[in-house]
Amino acid sequence: MSGDGDPASPAGGLTTATCRSVAELSPEPAALRRTALGAECVGGRSDVDGCRMSGASTECTCVRQTDTRRTPVPPAETARHAGNRSSPATSSVDRDARVRRFRRDGGVVTMGRPAAAGAALLLLTVLGTGVTGSRVRLVHNGYTGLVVGVDEDVDILQCQDIIRNLKTLLTGASDYLYTATQRRAYFGDVTVVVPSSWPRSCTGSAAPEPATTESLVSADLRVSGLRHPVHGAAPWTHQSGLCGRPGHFIQFAADYVASGETHRFGDQGRVLVHEWAKYRWGVFEETGYAGDRLYPSFHRASAERWTPTGCSNRPVSGVVTPSGCREASNDCTFAPFRNGSNVNVTSSIMSLQALDQVRHFCNATTHDRTAPTKHNLLCGERSVWEVMETHEDFLLRNNPPNASLAPPPPAFRVVKASADRLFLLLESSATMRHQERWDFVSNSLRKFVNWDVPTGVQVGIGHFGVIYRTDRNLTAVPDSRVGRGELANLPPIADDVTEDKKSWRAAVDGALAALGDRAAGTTLVWVTGNQPNSRSQPTYGDVQYIIGTLKERKVRLVLVFYPSATPGLARAATETGGEVITVDDVRQGDQTSISVFQALADAYLLALERYSSDRSRLRVRLEERQFVGDGRQARGSFLVDSTLGVNTTMTVLYHDRSDIGYVKLKRPGGEMEPVYTYPDSTNHLQYVKIDTVHGQWEYEIDNLAPSHSSVFVQVTSSPASTAGTVRAQVWTNADRAGQVNTTTQPLAVYASVMQASAPVMDAEVWATLTRPNGEETRVQLLDNGLAEPDVLRGDGVYSRYVTGLGSAPDGSEVLLTLRLTVGGAGGRVVTGRRLQPAPRAVPVDGSPPCCGSSVGEVTSVPVSDLRREVAGGTVRVVLPPPGRDLLPPSRVTDLRSLVDPTKQTITFNWTAPGDDLDRPNTKVERYEVRYSESRDQLRDHYSDCMGVPTWSEPEPAGAASSATVGVRTFDTLLFFGIRGVDAAGNAAPVSNLVAVVVPAPPPTPSPPPPTGTTSPVQPTAPPFDNRLLLIVLLCVAGVIVLCVLLVMYYFLLYKRRKPAPDEGLQGYVNTVAMTTELSRESTPVKVPFDHEREGFSTPTAQEISSQRWAAPDILQSPRGAPVPAAGGPGLGLGRAGRARYNSYQTPYVEDMAYDGRSLGSTPPGGSVASLASAGRPRPDMTDSPWGRGADGRARLATSGESWGRPGELAGRLDSPGEPWTRGGASPGSLGSQSSRADMSCGDLGLPSPARPGDRRRRNVTQV
């Protein structure tokens, strides 16, 4: 198998598995390459976190680890890459073989591994803190440090019920958790933080102690006074990370706790354990949702059977709602029976916690890997227990089962919320004396105290070099601007102390001494750093001392490294629950950029926001822009919405006062006018007070900064009421040290946009990452619920992988400053569900739970012209080496199918993936689509399965795509998968697998047997293919039509055409002008004549007389015919001159009544006028009024000369069968010309032409 599709195994090395295609078994076993998923050292302490040191040995034993706060785990398919995974049979072997040997080189832990050329990149996700600050630890099977926070908006009248029922709830949950984890975990101690406004009567006889490190923001469980618009009062987990990453918090309404309600959701302890599993271990629901495109409520178990989506150790009995719903429609909900029919169903809590007898999570034996659940998709089809065993709670058999059958009850402690305390410790050394460093450090602190700290927060300040000095003890920040300015009085210049003389221990001891008994719960913000390339760093003993001292005094450390990081000190922040922020020393020309000043102030503010007990008091940033000095005015705008407007201020930051001139403002509906700017005790700031006018404001600043400098504009405002405003937060998947290694994982950015606890949907959220040189990477974050990385649409969390950051040789890193912009006119605040609110857990009353890939149909109100700016601190990114494309395309997670039985086709729909993990405006090079009758084979050996040869062309990332394929395999369960491949050959993980069955077309019905017969049914021939019969009939019809056309063509073209002029007299047609008796108008009559057949000789020109006979003379003359002049021809009939009907149906000559007149014609081309025809039988004319001669023949005579040639009989009408002799007179001809000339109609006894009985013979045009 190729490296693109090889699965990743935690065991390392190579294992073999037999690959089987749809058609046959492969003769060769395929090698599946296994790679480690990350590591964590365990054991004693060392200068490497968690590494066991043994004498002079530099090796330590480390283990595979997926704890969200310490080590990387893979996204979604952790145990597989490119759609492959190890079989369940090898899972236990892999778990027992996770120990690896690491080597410590210069303080950096590296893992020894064999080099593999062209090996595919295994994507990992370092699970950073995000916005989580939990200090819960599992020690000897008991969780310690669990915090429950009660919000200020909770009704004080419910205080006693809430505290009492919280104890009942958590005690029941602890017992249930103990059973569910096989006696390996329970809740040991719980601290409940109540609002400071609650009286003593709420907490009992003893007055509660003040909180130290506990607060509502850092609480694991939150009790809110408001119901969630989607989940209602029931518990729900704010969970944005991938598999194995913990949630942010669990929240439920005060009504849920105070009432003790169990009717709809079941036992409250069971519901809490369901949510605890997601919050603590990063697992997901194992159920389906009606109408969900990723996690359907039913799925195919076989070609004939559908089954509810879920996980259980036994089949579950229940009812499908609504009544009559078809399981294949994905509109049904399965409600399990709560009676004795499911008494043997004991798992899974993530699917059926509503059943009283369910007490366990699904494990490797009971887990249904084929069910399209959220947990299977995101966790690589591993069971819940398999994911839990990778957490530090149970890793390597940590916290083995307890011998006791029941856990001890939790120990409860109630404390009151206390004011936020912040102590800023600044380094004052020779490093800070360089350039404007001390100036920026001290004045940025003044800016933070004057403008960013809410009133009432306690702030203390100190600085250190060789010794420590306190500049301001903890003091509550006043509301007045003058009082704030007096807090941050710092020395004007830093101490002249070299780096090797700095005392880190003295700095911490001095700060703790200044805090005194108020140290517990304080956040210590320590600004320190080294010169670039400096080797000065604290010793291992120094770091251990700092960690121990801070933990003992319950102080959280936030490190702000400036101008560069101090090696070894970061661990002190991560071990005490803090984090690391790095500010780069950016130079513009010969001076430090004003952006450094702003970054330092944002670092202080970020520390306050992360650990503040009440974020609702923090100011909201509406505008933040940097304008480079280019000689142009700095222009911009900001929006003050209806939820803001209190103490709105615009501050202008600059390097020197001469960098700005006038400042103008344009209020909504007004004109641009100059305004007065107030000076500040900060040397680099001027500010403008903004009136409380809601709407769009514009500003213009005369930017006089030189080209190597810039001007910074910032607008902030406070909420107008306690109802709250829209707030945003931003974080990354970096570890607590603020680092992401993009050679082993992608950088992911997350943002939360909320109004109180209500999510904001459809906002435009952009993350901007800026390098020290000013180069920006801007990417739009998405709330699409496609599972990687966004796990739920509509929850107010927007996320995306950020790629395309470039490369760097030798694993060097780049420092990126993160900033978030929220805007757009389409934002909506969710106010409720169109149906009733639904919990995340399965309700016991059979109502649909929430939520799969989306919160469903909700009600909302628009947010007009939303605009927020949020500082996200910095992140250090290790870039990949140049020249290699290591990132595959993103995974397709929403592959769906629709079968058309009539056409025997399958239409597939999915969202188009992008290259480099859904990088914007990219698309994959091609798709690789395969299928198999075995789901395990398609999952484990994707490259060996049958492929679909033709597929639709790739579309840009995020586009709705579809493809239709024809199938000739009927009534067979087939599994299909798809993955994208980029131009470098990197293949994405295999998509979710879809099961398809195409029904066979109905057979052609055979005729029924005769009634009354008892003969057995005879075998019938296979049904005839009607399509073949149709083809034959069409061919026959075509031949017939062609023959008809040929016949018509022959008669029309060859039988009616005129002879060409060069054909002589053969076959020409004379035109005779004749008039009828009624109209007396000349009518042309065409009479064909075959000269050659009749033996007619062409007369000469002299034989043709100018006198002509006309048809009117023949038809209308009453007596006789005019006698042609001598030498003039008469009506020539030739020697055998018989007249007949021609093709134009002209009457025969013998049917005409001759009245003695001449019939003349003008032959074409000077030919002789004649009527000629072949011999035909003549009717018996014995009784004809024409009369006959002595020989019985009727004769016509002319005067003067014969017809044809002089002296010959011009023509005669022969009796039938009488031979005709050419060249001479026939027997019985008239004896002399005179006798012929004297003949007349009267002599022959011919009737008058005007007699009525002869009209038909005279009308020659009547055809």
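Look up a bit, the structure's there.
Quick summary incoming for the structure in this document. Quantities reported herein were computed from a predicted structural model and do not represent experimental measurements.

Remarks on the sheet that holds strand β10 (residues 142-144)
And step 1. Spatial ordering of the open sheet is given by β9-β10-β12, a layout of three strands whose pairing is mixed. The open sheet terminates on both sides in strands that have one partner only, identified here as β9 (137-139) and β12 (186-187).
And step 2. Here two bridges tie β10 to β12, and the two strands are oriented parallel to one another. Across the sheet, Gly-142 pairs through a bridge with Tyr-186, a residue of β12.
And step 3. Here helix α5 (residues 268-281) sits on the sheet and contacts β9, β10 and β12; the angle it forms with β10, its principal contact strand, is near 65°.

So, the packing of aromatic side chains
And step 1. Taken as a whole and assessed by the stated rule, the structure comprises 25 aromatic pairs.
And step 2. Among the aromatic residues, those joined into a cluster by ring pairs are Phe-908, Trp-910, Tyr-927, Tyr-931, Trp-951 and Phe-976.
And step 3. Over the aromatic face of Tyr-750 sits the side chain of Arg-245, whose NZ or CZ is 5.1 Å from the ring centroid.
And step 4. Taking NZ or CZ as reference, Lys-664 lies 4.9 Å from the ring centre of Tyr-662, over its face.

Topic: unusual backbone geometry
And step 1. Look at the link from Thr-321 to Pro-322: it is a cis peptide, with omega at -5°.
And step 2. Relative to the assigned elements, Pro-322 resides in the loop between β20 (318-321) and β21 (333-336).
And step 3. For the bond from Ser-347 to Ser-348, the omega torsion is 15°, close enough to zero to count as cis.
And step 4. Assignment of secondary structure puts Ser-348 in the loop between β21 and α6 (349-352).
And step 5. The phi dihedral of Asn-647 is positive, around 55°, even though this residue is not glycine.

Considerations on the pattern of salt bridges
And step 1. This structure, assessed with the given rule, holds 42 salt bridges.
And step 2. Across the pair Glu-436 and Arg-587 runs a salt bridge, and its minimum N-O distance is 3.5 Å. Taken together, the residues span a long stretch of sequence, with Glu-436 in the loop between α9 (430-433) and α10 (437-452) and Arg-587 in strand β29 (residues 587-588) at a distance of 151 residues.
And step 3. Glu-436 gets classed as buried once you look at its relative accessible area, which sits at 17%.
And step 4. Accessibility expressed as a relative area gives 33% for Arg-587, which makes it partly exposed.
And step 5. A salt bridge links Arg-793 to Asp-762, with the shortest nitrogen-to-oxygen separation between them at 3.3 Å. Remark: Asp-762 occurs in the loop between β43 (758-761) and β44 (764-770) and Arg-793 occurs in the loop between β45 (776-781) and β46 (797-802); sequence separation between them is 31 residues.
And step 6. One salt-bridge network, held together by shared partners, links Glu-381, Arg-935, Asp-936, Arg-939 and Asp-940.

So, the nonpolar core
And step 1. With 83 residues, the main nonpolar core has Tyr-143, Leu-221, Trp-276, Trp-281 and Phe-361 as its most contacted residues.
And step 2. Considering every element that reaches this core, the biggest residue donor is helix α2 (residues 159-180), with ten residues.
And step 3. Of all hydrophobic cores here, the second largest spans 44 residues; its members include Trp-438, Leu-487, Phe-597 and Tyr-687.

Looking at the state of the cysteines
And step 1. Inspection of every chain in the model, using the stated rule, returns five disulfides.
And step 2. In this model, Cys-159 is linked to Cys-202 through a disulfide, with the two sulfur atoms separated by 2.2 Å. Every disulfide takes its handedness from the sign of the S-S torsion; for Cys-159 and Cys-202 that torsion is -75°, giving left-handed. Placement of the pair is Cys-159 in helix α2 and Cys-202 in helix α3 (residues 200-203), with a sequence separation of 43 residues. Considered together, Cys-159 and Cys-202 belong to a single accessibility category, that of buried residues.
And step 3. One disulfide bridge connects Cys-243 with Cys-379, the sulfur atoms lying 2.1 Å from each other. Between Cys-243 and Cys-379, the disulfide has an S-S torsion of 105° and is therefore right-handed. Here Cys-379 lies in the loop between α7 (374-378) and α8 (384-388) and Cys-243 lies in the loop between β16 (236-238) and β17 (249-253), a separation of 136 residues in the sequence. With respect to class, Cys-243 is no different from Cys-379; both count as buried.

Some details on the environment of Lys-374
And step 1. For Lys-374, the location among the structural elements is in helix α7.
And step 2. Under the relative-accessibility criterion, Lys-374 is labelled buried at 1%.
And step 3. Distance in space between the C-alpha atoms of Lys-374 and Ala-787 is 8.5 Å, their sequence separation being 413 residues.
And step 4. In terms of polar contacts, Lys-374 uses its side chain to reach the backbone carbonyl oxygen of Val-791, at 3.2 Å.

Overview of the sheet that holds strand β35 (residues 672-674)
And step 1. Strand order in the open sheet formed by four strands is β32-β38-β34-β35, with antiparallel pairing between adjacent strands. Every other strand in the sheet has two partners, leaving β32 (634-640) and β35 as the edge strands with one partner each. Adjacent strand axes in the sheet meet at a mean angle of 25°, parallel and antiparallel pairs treated alike.

Considering the side chain of Thr-770
And step 1. Mapped onto the elements of the fold, Thr-770 is located in strand β44.
And step 2. Residues contacting Thr-770, with those up to four places away along its chain left out, are Glu-775, Glu-776, Leu-815, Leu-816, Thr-817 and Arg-819.

Digging into the packing of helix α12 (residues 504-515) against helix α13 (residues 540-553)
And step 1. Closest axis-to-axis distance for the α12/α13 pair is 10 Å, and the angle between their directions is 10°. Of the possible angle classes, the one that applies to α12 and α13 is roughly parallel. Residues Trp-504, Arg-505, Val-508, Asp-509 and Leu-512 of α12 form the contact with α13, whose own contacting residues are Gly-541, Asp-542, Tyr-545, Ile-546, Thr-549, Leu-550 and Arg-553.
And step 2. Here the residues of the contact of α12 with α13 are counted per class, giving six nonpolar, two polar and four charged.

Focus on the packing of α2 against α5
And step 1. Relative orientation of the contacting elements α2 and α5 amounts to 70°, with a least axis distance of 8 Å. Taken as axis vectors, α2 and α5 run roughly perpendicular relative to one another. Considering the relative orientation of α2 and α5, their crossing is right-handed. Residues Leu-169, Leu-170, Gly-172, Ala-173, Tyr-176 and Leu-177 of α2 lie in contact with α5, whose contacting residues are Gln-268, Gly-269, Arg-270, Leu-272, Val-273, Trp-276 and Trp-281.
And step 2. Among the residues forming the contact of α2 with α5, the class breakdown is nine nonpolar, three polar and one charged.

What counts and what doesn't
- Residues numbered from 1 in each chain as written.
- Predicted model: local features only at pLDDT ≥ 70, side-chain atom pairs only at ≥ 80, totals over all residues.
- Heavy atoms only, no water.
- Pairing = 2+ DSSP bridges.
- Helix = DSSP H or I, 4+ residues; strand = E, 2+ residues; numbered from the N terminus.
- Contact = heavy atoms within 4.5 Å.
- Axes fitted to C-alpha atoms, helices over the stretch in contact; angles between N-to-C directions.
- Phe/Tyr/Trp six-rings, centres within 6.5 Å; stacked < 30°, edge-to-face > 60°.
- Lys NZ or Arg CZ within 6 Å of the ring centre and 35° of its normal.
- Salt bridge = Lys/Arg side-chain N within 4 Å of Asp/Glu carboxyl O.
- Buried < 20%, exposed > 50% of the residue type's maximum accessible area, 1.4 Å probe, protein only.
- Core = buried A, V, L, I, M, F, W, Y, C linked by side-chain atoms within 4.5 Å.
- Disulfide = S-S within 2.5 Å.
- Polar contact = N/O pair within 3.5 Å; in protein donor to acceptor, adjacent residues only side chain to side chain.
- Parallel < 35°, antiparallel > 145°, perpendicular 65-115°, else oblique.
- Nonpolar A, V, L, I, M, F, W, Y, C, P; charged D, E, K, R; others polar.
- Left-handed = near helix turned anticlockwise from the far one by under 90°.

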